[in-house]
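Commentary on secondary and tertiary structure
Residues per chain, in single letters:
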Amino acid sequence: MREKIEVAAARYPDQRSAIMPALLIAQKEHGHLPGPVLEEVADILGVERIWVYELATFYTLFRIEPVGVFHLQLCDNVSCMLRGSEDLLRHLEAVLGIKKDGTTLDGLFTLSTVECLGACEMAPVMQVGDDYHGGLDIARIDALLERLRAMTGQAIGADPATTTPPGE
Amino acid sequence: MTEPVLLRNVDMPDGHLLATYEAGGGYQALAKAVHEHTPDEIIDLVKKSNLRGRGGAGFPTGMKWSFVPKRAGKPKYLCCNADEGEPGTFKDRIIMERDPHQLIEGMAISGYAIGAETAYVYIRGEYALAIRRLEQALAEAHAKGYLGKRILGSDFNFTVHIHCGAGAYICGEETAMLDALEGKRAQPRLKPPFPAVEGLYASPTVINNVETLACVPHIVARGPDWFRGIGPDKSPGPKLYCLSGQVRKPGLYELPMGIPLRELVEDHAGGPLPGRKIKAVIPGGVSAPLIPERGLDVGMDFDSLAAAGSMLGSAGVIVIDDSTCMVKVATRIIEFFHHESCGKCTPCREGLNWVVKVLRRVEAGQGGPGDLEQLEALCKGIFGNTFCALGDGAAMGLRAALTHFEHEFVAHIEERRCPFH
Ligand SMILES: Cc1cc2nc3c(=O)[nH]c(=O)nc-3n(C[C@H](O)[C@H](O)[C@H](O)COP(=O)(O)O)c2cc1C
Ligand code: SF4
Ligand code: FES
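What counts and what doesn't
- Residues numbered from 1 in each chain as written.
- Chains lettered and ligands numbered in written order.
- Predicted model: local features only at pLDDT ≥ 70, side-chain atom pairs only at ≥ 80, totals over all residues.
- Heavy atoms only, no water.
- UniProt positions renumbered as here; feature names shortened; annotations may be inferred.
- Near = heavy atom within 4 Å.
- 1 Å grid on protein atoms, 1.4 Å probe; cavity = no way out; pocket = protein on both sides within 12 Å on 5 of 7 lines; lining within 4 Å.
- Sits in = over half its atoms within 2 Å of the grid points.
- Nonpolar A, V, L, I, M, F, W, Y, C, P; charged D, E, K, R; others polar.
- Contact = heavy atoms within 4.5 Å.
- Buried area = accessible area lost by both parts, 1.4 Å probe.
- Salt bridge = Lys/Arg side-chain N within 4 Å of Asp/Glu carboxyl O.
- Polar contact = N/O pair within 3.5 Å; in protein donor to acceptor, adjacent residues only side chain to side chain.
- Helix = DSSP H or I, 4+ residues; strand = E, 2+ residues; numbered from the N terminus.
- Areas by Shrake-Rupley, 256 points an atom, 1.4 Å probe, with all protein chains shown as cover.
- Core = buried A, V, L, I, M, F, W, Y, C linked by side-chain atoms within 4.5 Å.
- Buried < 20%, exposed > 50% of the residue type's maximum accessible area, 1.4 Å probe, protein only.

Chain B has the name NADH-quinone oxidoreductase subunit F in an unreviewed UniProt entry, where Ensifer adhaerens is given as its organism. Per UniProt, chain B has the following entry under Catalytic activity (unreviewed entry): "a quinone + NADH + 5 H(+)(in) = a quinol + NAD(+) + 4 H(+)(out)". As its UniProt record puts it under Sequence similarities (unreviewed entry), chain B is described as follows: "Belongs to the complex I 51 kDa subunit family."

What follows is the structure, given as structure tokens:
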């Protein structure tokens, strides 16, 4: 992590500018940003800890709390709403047995809604990890969930102790 | 204009690679700029082209560049605004994913014109594919000598860095973006000083949108008269329109500035979904006041839309049909602005909070007789009293919905339910 952060910091005349890229690097590595990671980032860059905390809590892509293995981020802004995102949210809540902002007991899925993902031509859209999934309907959501479960080689209801969220 | 300009590489399988870009004449405009023109001549070409910023405000690009002091004694910066957070907008993502060299060439020429050696692309963090493609393209351009030291044998040095955003719509506002780049919480700055004089690290800085910068190589290659010949003289050029919502063929369309909104929606994007009728269209992202169906003959350019009480904004065209409740659309839009309010000024932070409460109550069929007057009063209190355009945009959008669809708001209150459920 240190090395990557130092490479990023070299792009700026001021170390403070590197906090945002450093936090993105740290989050990729740890899955989320608990206090000790924030302190490590501050130490690597040699900047005030409060500056790092301030950004970690202001910007919406930074996560202080851990999330599931797959973070389902369903867009519910206008263009997606006009193409049925509300039905998809209700369906996801029903099949996963959780409410928006919740995580399944097995730690596999966290469900959130997000503002416009900038991909309204394929509305309704959901981001999972780095990938956008567009043109969604209930059948496609079900197929996607199946694929994601298959990736971890287990079904919903598996022993939570055997699922390791990233960075834990 | 039948032949695409900005989208000419976008549908090619390898449109994002340098070889494809060069095969179509790519980077020849940069060579022409650094070998045949002085920086001031480039600024002049862009001024003569009447290019206006594609990020939303439509400010003349050449004029913006001419505000940068010639001798500053400080480094100058170019920032590309690739934050693209305006709901309904996806044009910059598609350029960066499928033709990133077009943006890089535009940035290099713009950097040469304003005397900047360093540039940052502020790109929203969600755009993983665009970020990868842009990184790859920057590496290719460096290896070929289109970026770096002594570009194409000239005295011009230029480096482009990527800065990934981490959420927060307000980062798209140019001075908030500068704060974000400096590693602070993004909040708009007081102007003046304008960024051209005192921007990033208190140095002269030009901020331009992705599509604006992508226009620059074409202006240099084909001349300002060609550019000005497309669409209205005061608001010309090829333009990207993002079509989404309840329309048959959502997607990105390149057409001249000034094309009638009706033609765009009905002919190019295929009109409403089967069995439905268009009720209203938002022409420029959710910050732009909606236009009811009878107003669709308006031209899609900065001046015509302003005269019609709306704006071109980001050209995010969202189509709404007769199956949709306008109270719900208005509520979702104001919820968005409330969520994204940076909290710096009270009319926006507190006013929008209040507006959301009233709208939610009306939408749920629990509104009371005074609620519409309350909403009007809140719009009046917010509009013109906020620190940046976010609050104004919210108030203008709500006002348009109240004016054109008052009957739907009234029906919710009188019937004590949503008539669309
Ligand atoms: C709340 C708010 C959000 C904005 N978001 C964006 C954006 O996502 N992308 C963009 O290019 N401009 C955005 N703008 C406009 C910028 O402030 C700025 O005018 C623009 O980047 C200048 O580039 P241009 O002259 O090339 O259009 C936003 C403005 C406001 C007030
Ligand atoms: S209008 Fe809203 S977003 Fe703009 S400065 Fe005020 S609080 Fe922040
Ligand atoms: S509204 Fe969902 S991607 Fe734009």
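Having put the structure on the table, let's press on.
Looking at the site of ligand 2
Residues and elements named next belong to chain B. In the vicinity of ligand 2, 13 residues are found, and the nearest of them are Cys-342, Lys-344, Cys-345, Cys-348 and Cys-388. Because more than half of its atoms lie within 2 Å of the grid, ligand 2 is assigned to the second largest cavity. Classifying every residue of the shell around ligand 2 gives eight nonpolar, four polar and one charged.

Structural notes on the interface of chain A and chain B
Each partner contributes residues to the interface: chain A has 36 residues there, and chain B has 53 residues. In this assembly, chain A packs against chain B so that about 3600 Å² is buried in total across both faces, 59% of it on carbon and sulfur atoms. Broken down residue by residue, the surface that chain A buries against chain B is led by Phe-58, Leu-82 and Glu-121 of chain A, which jointly contribute 18%. Here chain A is connected to chain B by four salt bridges. Where chain A packs against chain B, one counts 22 residue pairs in polar contact (both at pLDDT 80 or more). Of all the elements in the fold, those that place two or more residues in the side of chain A that touches chain B are α2 (19–30), α4 (49–58) and α5 (78–81) of chain A. The greatest single-element share of the side of chain A that touches chain B, amounting to four residues, is contributed by α2 of chain A. Taken together, the residues of the side of chain A that touches chain B break down into 20 nonpolar, six polar and ten charged.

Comments concerning the site of ligand 1
All names here are of chain B. In the vicinity of ligand 1, 18 residues are found, and the nearest of them are Gly-55, Asn-81, Asn-208, Asn-209 and Thr-212. Glu-84 is positioned such that a nitrogen or oxygen atom in its backbone is 3.2 Å from an oxygen atom of ligand 1. Taking Glu-174, its main chain carries an N or O atom lying 3.0 Å from an oxygen atom of ligand 1. When ligand 1 sits alone it has 610 Å² of accessible area, and the protein chains cover 89% of it. Considering each element in turn, the shell around ligand 1 owes the most residues, three residues, to strand β4 (residues 205–209). In terms of residue class, the shell around ligand 1 is built from four nonpolar, eight polar and six charged.

Some points on the nonpolar core
Of all hydrophobic cores here, the largest spans 89 residues; its most connected members are Leu-23, Val-41, Leu-45 and Tyr-59 of chain A together with Phe-337, Leu-398 and Phe-409 of chain B. Among the elements that take part in this core, helix α13 (residues 326–340) of chain B stands out by supplying eight residues, more than any other. The residues contacting Leu-23 of chain A, other than those within four sequence positions of it, are Leu-33, Leu-38, Val-41, Val-52, Leu-55, Ala-56 and Phe-62 of chain A. In this structure, Leu-18, Ala-116, Ala-196 and Val-210 of chain B belong to the second largest nonpolar core, which totals 74 residues.

Quick look at the pattern of salt bridges
Tallying each qualifying case throughout the model produces 40 salt bridges over all chains. Measuring nitrogen to oxygen at the nearest pair gives 2.8 Å for the salt bridge that ties Asp-179 of chain B to Arg-189 of chain B. Placement of Asp-179 of chain B in helix α8 (residues 174–181) and of Arg-189 of chain B in the loop between α8 and β4 is noted, with a sequence separation of ten residues between them. Looking at Arg-189 of chain B, the relative accessible area reads 22%, which means it is partly exposed. Among the salt bridges present, the one from Arg-262 of chain B reaches Glu-266 of chain B, with a minimum N-O distance of 3.4 Å. Of this pair, Arg-262 of chain B and Glu-266 of chain B both sit in helix α11 (residues 261–268), separated by four residues, roughly a single helical turn. Each of Asp-76 and Glu-115 of chain A together with Arg-332, Glu-335 and Arg-360 of chain B takes part in salt bridges that share partners, so that together they form one network.

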